[in-house]
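Descriptive analysis of the structure
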Amino acid sequence: MGRRVVALATADEAFQVIAAIDHQQHPLLGQDSGGLAGCDLNEVPLSADWPAECDAAIDFSLPDAVASAVANCLESKTPLVIATTGLSDETQAAIAEAVKQIPIVWAPSMSLAVNLTMKLAEQAAAALKNVPGGVDIEIIERHHRYKVDAPSGTALKFGELIADQLDGETKHVHGREGETGQRSLNEIGYHAVRVGDNTGEHTIVYGMLGETMELRVASSNRDCYASGALAAARWIQGRPPALYSMFDVLGLS
Ligand SMILES: NC(=O)C1=CN([C@@H]2O[C@H](COP(=O)(O)OP(=O)(O)OC[C@H]3O[C@@H](n4cnc5c(N)ncnc54)[C@H](OP(=O)(O)O)[C@@H]3O)[C@@H](O)[C@H]2O)C=CC1
Ligand SMILES: O=C(O)C1=N[C@H](C(=O)O)C[C@H](O)C1
């Protein structure tokens, strides 16, 4: 994702890439980040050092790396866009603390289509929850073989938003195997498929007695996430310290 963010930012005159950051041991440190991203050379070498200041930072990294991005942005009072998924409770607590001092956009999907589908999923859950016979809601996600977290952050967010629309407590069930007993109505099922180079696909199934409805959103490349993150980086400038979501950025709140 870092490569696509650099490539799209370099091609857009509204942006100036001033740093491209990876960890201390990365074998490509020192190489031109434009070259690594497959676009024009930009004279910004891949580095492990954060700049003293910048207008906004974008984090697509690994769950363990996000805390250091938050700490660096706090130090320089830099607005931060966090796209990384699978964050630990500790990192989420660090974000909650940091937003007292800097604005942060945090969202498991930067894609406009995904965020819009989340709104439709909420609406569908609210409309179908009292249907005679009940509705079974299951979330199926597909991603590339390199993905390290499951289910996707986006699938979890879909589940959280849908559960908020349902009455009573919701059980979140991850896969099924063996003598599971019958499915209960108060559960949401999650199924994580890992295949090839799939760049992200989510299907929300609403199964009723007599009919089934599905909402499906799928990317064909990863630029929807990179361009969403860049839109968030523009939007966040000048905002007061707070935790924001892509719903805020996209005017979907
Ligand atoms: N919100 C959204 O719209 C989207 C979110 N994502 C999420 O973004 C994250 C990154 O995805 P992706 O780009 O595919 O993953 P990659 O593994 O391809 O890239 C992560 C990069 O972060 C580097 N890294 C590891 N540790 C650190 C550190 N301490 N400091 C700085 N950099 C570090 C990795 O280095 P190394 O390779 O050496 O480990 C690697 O270069 C995932 O959590 C993914 O789920 C992805 C797409 C869209
Ligand atoms: O790792 C990915 O690729 C993606 N991760 C995000 C997630 O976990 O929801 C978003 C997107 O689906 C791509």
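Residues numbered from 1 in each chain as written. Chains lettered and ligands numbered in written order. Predicted model: local features only at pLDDT ≥ 70, side-chain atom pairs only at ≥ 80, totals over all residues.

1. Side note on the site of ligand 1
For clarity, the threshold we go by: We call a residue near a molecule or strand when its C-beta atom, built from the backbone, sits within 6 Å of it. Residue classes follow a fixed rule: Ala, Val, Leu, Ile, Met, Phe, Trp, Tyr, Cys and Pro count as nonpolar, while Asp, Glu, Lys and Arg count as charged, and any other residue, Gly among them, counts as polar.
Taken together, 22 residues form the shell around ligand 1, and within it M1, A65, A83, M110 and Y225 come nearest. In the shell around ligand 1, the residues fall into 10 nonpolar, 11 polar and 1 charged.

2. Overview of the site of ligand 2
This is how it is decided: For the purposes of this description, domain bounds are those given by an automatic or database domain assignment.
Close to ligand 2 lie T85, P108, S109, H143, K147, S152, G153, T154 and G200, which account for all nearby residues. Residues that form the shell around ligand 2 fall into these classes: 1 nonpolar, 7 polar and 1 charged. Two domains share the shell around ligand 2, each providing at least three of its residues, namely domain 1 (2-110 + 222-250) and domain 2 (112-218).

3. Comments concerning the UniProt feature "domain: Dihydrodipicolinate reductase N-terminal" (unreviewed entry) in the protein
The cut-off we apply is this: UniProt positions are given in the numbering used here, feature names are shortened, and annotations may be inferred rather than shown by experiment. Note on conventions: DSSP H or I runs of at least 4 residues are helices, E runs of at least 2 residues are strands, and numbering of each starts at the N terminus.
Following the UniProt record, one finds the feature "domain: Dihydrodipicolinate reductase N-terminal" (unreviewed entry) at residues 1-110. As annotated, residues 1-110 has a helix share of 34% and a strand share of 12%, and its two end C-alpha atoms lie 12 Å apart.

4. Side note on the domain arrangement of the protein
Which entries qualify depends on this criterion: Residues are defined as contacting one another if the C-beta atoms placed from their backbone atoms lie within 7 Å.
The domain architecture assigned to the protein consists of domain 1 (2-110 + 222-250) and domain 2 (112-218). Computed over C-alpha atoms, the centres of domain 1 and domain 2 are 29 Å apart. At the junction of the two partners, domain 1 supplies 10 residues and domain 2 supplies 11 residues. Going through the elements one at a time, α7 (223-236) and α8 (246-250) are the ones with two or more residues in the side of domain 1 that touches domain 2. Looking at the side of domain 1 that touches domain 2 residue by residue, the classes come out as 5 nonpolar, 4 polar and 1 charged.

5. Description of helix α1 (residues 2-10)
Convention followed: Here a residue counts as buried when 20 or more other C-beta atoms sit within 10 Å of its C-beta, as exposed when there are 12 or fewer, and as partly exposed otherwise, the C-beta atoms being derived from the backbone.
For α1, the full list of buried residues reads R4, V5, V6, A7 and A9. At its buried positions, α1 is contacted by β1 (20-21), α2 (33-36), β3 (57-59) and α7.

6. Quick word on the UniProt feature "active site" (unreviewed entry) in the protein
Under the local residue numbering, the UniProt record ascribes the feature "active site" (unreviewed entry) to H143 and K147. Mapped onto the elements, H143 comes out in strand β6 (residues 136-143). The buried category is assigned to H143, around which 23 C-beta atoms lie within 10 Å. Filtering out sequence-adjacent residues up to four positions away, H143 remains in contact with S152, R194, N198 and G200. Turning to its location among the elements, K147 is positioned in the loop between β6 and α6 (153-165). Since 17 C-beta atoms lie within 10 Å of it, K147 is described here as partly exposed.

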